[in-house]
Amino acid sequence: PLQWNMTAIEAPAAWDAGCTGEGVRVAINDGGIDPTHPDLAPNMDTACSVSFVPGQPFYTEVGFWHGMHVAGIVAAADNGMGVIGVAPDAELISVKVLHGGSGPFGAIIGGVLYAADPAAFGLADCDKADIINMSLGAVFNKRLTGAGYLVAALNRAVNYAASKGTLVVSAAGNEGLDLGQMKDVTSVPAESGSGLAIAATGPVDWIGMFGEPGDV
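Figured I'd write up the structure that's included with this text.

## Overview of helix α3 (residues 66-75)
Here is step 1 of the chain: Within α3, 7 of the 10 residues are buried, which leaves the element mostly enclosed by the surrounding structure.
Here is step 2 of the chain: Within the span of α3, buried status applies to G67, M68, V70, A71, G72, V74 and A75.

Here is the structure:
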């Protein structure tokens, strides 16, 4: 009952209908997941979890728990403790692309390609992810030198994932920008390829200085 977010999206009704994420693989492309966490361990595929951060393992580093936070929202197990995820029976793959809260676009692109096609990276025994979750992003001016190449590369990576049957889900961003009006600004990977961008709300649908309580 303390998880207002699950109530808001009527997750309990979905669970009662048998929609628990069973048989679905979700790659959490983020800062890493500790495979020993009791809420996450039951759903972790450690054998296929990887890191695109040189010198760092796929699990999270001390002091930066964003990837685990996201993994818990997605698929914390229904084990009578901690929290429960939207899809408590989904399988989690940790794809580490951030370290200390940031990371290069090369790692992010590589993580998308890997999650959608592990065999291309030499892991033929690993199944692809059905969904890639990226609660990360960057906003920049499209006129920056080289920006076009970056946008194109991200588009190709997300579309490649789609061609493999993998849905890429990205955060719409924390900036509150009206990207429809800001023609020279782009947010990636939220606006990349055929992916899906997701915004957020709160317990009372508060959206900051530009809205009032009760607004969505």
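## A short note on the nonpolar core
Here is step 1 of the chain: Within the largest apolar cluster, 29 residues are counted, with the highest numbers of intra-cluster contacts made by A27, V95, V97, V112, I132, M134 and V168.
Here is step 2 of the chain: When contributions to this core are tallied by element, the ones reaching two or more residues are β3 (91-96), α4 (105-116), β4 (131-134) and α5 (147-163).
Here is step 3 of the chain: Non-local contacts of M134, meaning those with residues more than four positions away in its chain, are made with N29, I108, V112, V168, V169, S170, A171 and P189.
Here is step 4 of the chain: If you look at the next biggest cluster of nonpolar residues, it comprises 14 residues, including V26, I33, A71 and L92.

## Details of the side chain of K96
Here is step 1 of the chain: Mapped onto the fold, K96 is located in strand β3.
Here is step 2 of the chain: At 2.7 Å, the side chain of K96 and the side chain of E61 are in polar contact.
Here is step 3 of the chain: Leaving out residues up to four positions away in the same chain, K96 has contacts with D30, G31, G32, V50, S51, F52, V53, Q56, P57, F58, Y59 and E61.

## Quick word on the pairing of strand β1 (residues 25-30)
Here is step 1 of the chain: Burial of β1 is extensive: 6 of the 6 residues sit out of reach of the surface.
Here is step 2 of the chain: Neither face of β1 is exposed, since R25, A27 and N29 on one face and V26, I28 and D30 on the opposite face are all buried.
Here is step 3 of the chain: The sheet contact formed by β1 and β3 spans 6 bridges and is parallel. Its bridge partner lying in β3, V26 is registered against L92.
Here is step 4 of the chain: As judged from the 3 bridges shared by β1 and β4, these two strands associate in the parallel manner. Bridge assignment links I28 to a residue of β4, and that residue is N133.

Calculation rules
- Residues numbered from 1 in each chain as written.
- Predicted model: local features only at pLDDT ≥ 70, side-chain atom pairs only at ≥ 80, totals over all residues.
- Heavy atoms only, no water.
- Buried < 20%, exposed > 50% of the residue type's maximum accessible area, 1.4 Å probe, protein only.
- Helix = DSSP H or I, 4+ residues; strand = E, 2+ residues; numbered from the N terminus.
- Core = buried A, V, L, I, M, F, W, Y, C linked by side-chain atoms within 4.5 Å.
- Contact = heavy atoms within 4.5 Å.
- Polar contact = N/O pair within 3.5 Å; in protein donor to acceptor, adjacent residues only side chain to side chain.
- Pairing = 2+ DSSP bridges.

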